[in-house]
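# Architecture and fold: a report
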Amino acid sequence: MDYDMSGINIDDETIAHFALLADSDPITFESVVQEAKWKEAMDVEISAIEKNDTWELTDLPKGQKSKHIDVEFHILRDLTKEKIIDVVYCRSEDQVGDILTKPLNYAAFVKLRKLLEVYTLREAAVGEEK
């Protein structure tokens, strides 16, 4: 188990509605080299690239900018290809995580709060779902 519910007795259905917020993997060189496991993973990847002659690492030509593709993109692509996960489109206005990270107007806040099944005390007391 990668999380601790502090002794709360819950079933699998309840845990499906539990939001687990965690840090993501590092995506910059500066953050990678601070942790030994990520530096080792990067070194292994570079060695494999060089050994397999996959591509040649060179300096960026003057005046050119690099294009950045998040590591998460590659991981998701691979997991989807292996049929371990399904990536499903979710409209921006239905992103329930926005309730925790963005300023929202009242209507959007109420909509996302309902999607999370969180109600005011008044709504809970009378069994309403507003």
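Just so you know, these numbers come straight off a predicted model, no measurement behind them. (Residues numbered from 1 in each chain as written. Predicted model: local features only at pLDDT ≥ 70, side-chain atom pairs only at ≥ 80, totals over all residues. Heavy atoms only, no water.)

## A short note on the confidence of the model for the protein
The predicted model of the protein has a mean per-residue pLDDT of 75, with 75% of residues at 70 or higher. The element-level mean pLDDT for the protein is lowest in helix α1 (residues 12-15), coming to 48, with helix α6 (residues 106-115) highest at 89. Considering only residues more than four positions removed or in separate chains, one finds that residues 13-22, a stretch of pLDDT under 50, has seven contacts. (pLDDT = per-residue confidence, 0-100. Helix = DSSP H or I, 4+ residues; strand = E, 2+ residues; numbered from the N terminus. Contact = heavy atoms within 4.5 Å.)

## Thoughts on a nonpolar patch on the surface
On the surface, L104, Y106 and F109 cluster together into a nonpolar patch covering about 310 Å² of accessible area. Looking at the element boundaries, L104 is found in the loop between α5 (98-101) and α6. The partly exposed category is assigned to L104, whose relative accessible area is 31%. (Patch = residues over 30% accessible without salt bridge, like charges linked within 9 Å, V, L, I, M, F, W, Y side chains within 5 Å. Areas by Shrake-Rupley, 256 points an atom, 1.4 Å probe, with all protein chains shown as cover. Salt bridge = Lys/Arg side-chain N within 4 Å of Asp/Glu carboxyl O. Buried < 20%, exposed > 50% of the residue type's maximum accessible area, 1.4 Å probe, protein only.)

## Quick look at the pattern of salt bridges
Pairing between side chains becomes possible if they bear opposite charge and their charged atoms approach one another. Applying the stated criterion across every chain, the model contains six salt bridges. For R91, the salt bridge identified is with D94, shortest N-O distance 3.1 Å. If you follow the salt bridges from partner to partner, you end up with R91, D94 and K111 in one network.

## Digging into unusual backbone geometry
We note that K83 has phi near 60°; this positive angle belongs to a residue other than glycine. Structurally, the position occupied by K83 is in the loop between α4 (71-81) and α5. For K83, a relative accessible area of 73% translates into the label exposed. In this structure, E117 takes a positive phi of about 60° despite not being glycine. In this structure, E117 sits in the loop between α6 and α7 (121-126). Note on E117: relative accessible area 53%, which makes it exposed.

## Structural notes on the side chain of D98
Note on placement: D98 falls in helix α5. Among all residues touching D98, those that are not within four sequence positions of it are S92, L104 and L112.

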